[in-house]
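The chain contents come next:
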Amino acid sequence: MSTMGGRSGTPIPMMWVSSSTRGFVEVPVAHDRLRSIDVQVVVRPDGRRGLVSVLYLNSGELEVYHQPSLDLDYEWFENDPPFAHCDLKELVPTAFETIECTVAPDHVSAALDFTDVTGQRIELRLDLPDPKAVKPLFTPAPVHRAPRSLRFLQMNQFRLMPARQTEVEVRIGGTPVEARPFVSPTSRLTPYLQARSGGDFLQVGMNPQHSNRLLEVANGMGAVDLADGSTAVIDSRGLRSLRTEGNGAWFEAVFEPALPNPDRLLEHGNAERGRIEVLSSLGPVAQGQWSSWPLGATGVVLEFNGLTQDWSPGLTQPARTGLRYLRNYRRRGLSWNYRAGLSRDADGWRSSGAWSTA
């Protein structure tokens, strides 16, 4: 059992936020304005389901076109984990001529036809019939310039689609545009790959940046189900772990020792520190340190430092093995740091926190 705010129980100074994205197909293109074209399936917290097209610009910005029924806004973009490293240029409700996306174990397809903000008609068709079976994998968060959240992603249906097996057609402004193939960086020859898809996944953000958020309170010891769907484990010190799950996958942040209850920390008045490890249904995926100390009579500081992610899919396919090396190389030496100020008022504990990278 849990409550929002209040003085009793253990305030939970960490949270998992689930993404609304449920599947995607992305095609890199050779074009002077666009880097790639993406079609996504989106499910809102209230159950509304719809489709979105994301244009990745060569400038590094995004244009997001969505079915009007989804009612997406800038707050959605700011808080959805897959966009935590991205800059938004346009967010446009759009009456698509065609928009479709299917990512299934036995079929991957996408179709798109609409006019973008520059007046160019964007057309895409992709079909991969009878794809090979794949295994689940974890992929680390991209490099962030100004991070708003630290993303964790496990995909049960992730594919790099070879050109010789995938039918892809792209037109921009009525002109055919080539899908931009790339070669997986392995020690032996591999097929050219010209698209990727993901589906049936669990994608969450750890502690998205926030201000003056009232902390949920877990009452009792042991496993406690929280209002946001996650499960906290509480011991006599405070928060031992926080777990989220979905689509047969799960992530769990484990603290050793437990994060101290901020009321307890104020009472004792000493700084405390320990280790944080994020476990998953595929094994350990991140590790770092935590520290916390009192700030005045009613405040507490909480930090996660040196948090790094590992990409260890445990797979033998050459394309994925090469991708692992490439992604690890791009993220070499990258670590995430989180700092939150906790303050107590008549309603309970409130938190304001943000991320940085080093």
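Above: the structure in question.
### Quick look at the overall build of the protein chain
Part 1 of the reasoning: A count of helical and extended segments in the protein chain gives three helices and 28 strands.
Part 2 of the reasoning: Within the protein chain, counting contacts between residues at least 6 apart in sequence, those at least 24 apart form 62% of the total.
Part 3 of the reasoning: Of the roughly 15700 Å² of accessible surface on the protein chain, 49% is carried by carbon and sulfur atoms.

### Brief notes about the nonpolar core
Part 1 of the reasoning: The biggest cluster of nonpolar side chains holds 41 residues, and the ones touching the most others in it are Trp16, Phe152, Met206, Phe251, Phe255, Val278 and Phe304.
Part 2 of the reasoning: Of all the elements, strand S23 (residues 249-260) adds the most residues to this core, at five residues.
Part 3 of the reasoning: If we skip the residues at most four places from it in the chain, Phe255 touches Met14, Leu239, Arg240, Ser241, Arg275, Ile276, Trp290 and Phe304.
Part 4 of the reasoning: Counting 29 residues, the second largest nonpolar core, distinct from the first, contains Val25, Val27, Val41 and Cys101.

### Examining the packing of aromatic side chains
Part 1 of the reasoning: Going through the model one piece at a time under the given rule, you end up with 15 aromatic pairs.
Part 2 of the reasoning: Residues Tyr74 and Phe77 carry aromatic rings whose centres are separated by 6.3 Å and whose planes lie at 25° to one another, so their mutual orientation is stacked. Here Tyr74 and its partner Phe77 are both found in helix H1 (residues 74-79), three residues apart, which amounts to about one turn of the helix.
Part 3 of the reasoning: Its relative accessible area of 49% is what places Tyr74 among the partly exposed residues.
Part 4 of the reasoning: Taken together through their ring pairs, the aromatic side chains of Trp16, Phe138, Phe152 and Phe251 make up a single cluster.
Part 5 of the reasoning: Above the face of the Trp250 ring, Arg243 is positioned so that its terminal group lies 4.1 Å from the ring centre.

### Comments concerning the environment of Tyr65
Part 1 of the reasoning: As for its position among the elements, Tyr65 is in strand S7 (residues 61-66).
Part 2 of the reasoning: With 28 residues separating them along the chain, Tyr65 and Pro93 place their C-alpha atoms 5.8 Å apart.
Part 3 of the reasoning: When near neighbours in sequence (up to four residues on either side) are disregarded, Tyr65 contacts Leu51, Val52, Ser53, Leu55, Val92, Thr94, Phe96, Phe114, Asp116 and Val117.

### Notes on the sheet that holds strand S14 (residues 167-172)
Part 1 of the reasoning: Overall, antiparallel pairing links the five strands, which are arranged S9-S10-S11-S14-S15 in an open sheet. Of all the strands in the sheet, the pair left with one neighbour each is strand S9 (98-104) and strand S15 (175-176).
Part 2 of the reasoning: Summarising the sheet, strand S11 (residues 121-129) and S14 pair through six bridges and their orientation is antiparallel. Note on S14: the bridge partner recorded for Glu123 is Arg171.

Calculation rules
Residues numbered from 1 in each chain as written. Predicted model: local features only at pLDDT ≥ 70, side-chain atom pairs only at ≥ 80, totals over all residues. Heavy atoms only, no water. Helix = DSSP H or I, 4+ residues; strand = E, 2+ residues; numbered from the N terminus. Contact = heavy atoms within 4.5 Å. Areas by Shrake-Rupley, 256 points an atom, 1.4 Å probe, with all protein chains shown as cover. Core = buried A, V, L, I, M, F, W, Y, C linked by side-chain atoms within 4.5 Å. Buried < 20%, exposed > 50% of the residue type's maximum accessible area, 1.4 Å probe, protein only. Phe/Tyr/Trp six-rings, centres within 6.5 Å; stacked < 30°, edge-to-face > 60°. Lys NZ or Arg CZ within 6 Å of the ring centre and 35° of its normal. Pairing = 2+ DSSP bridges.

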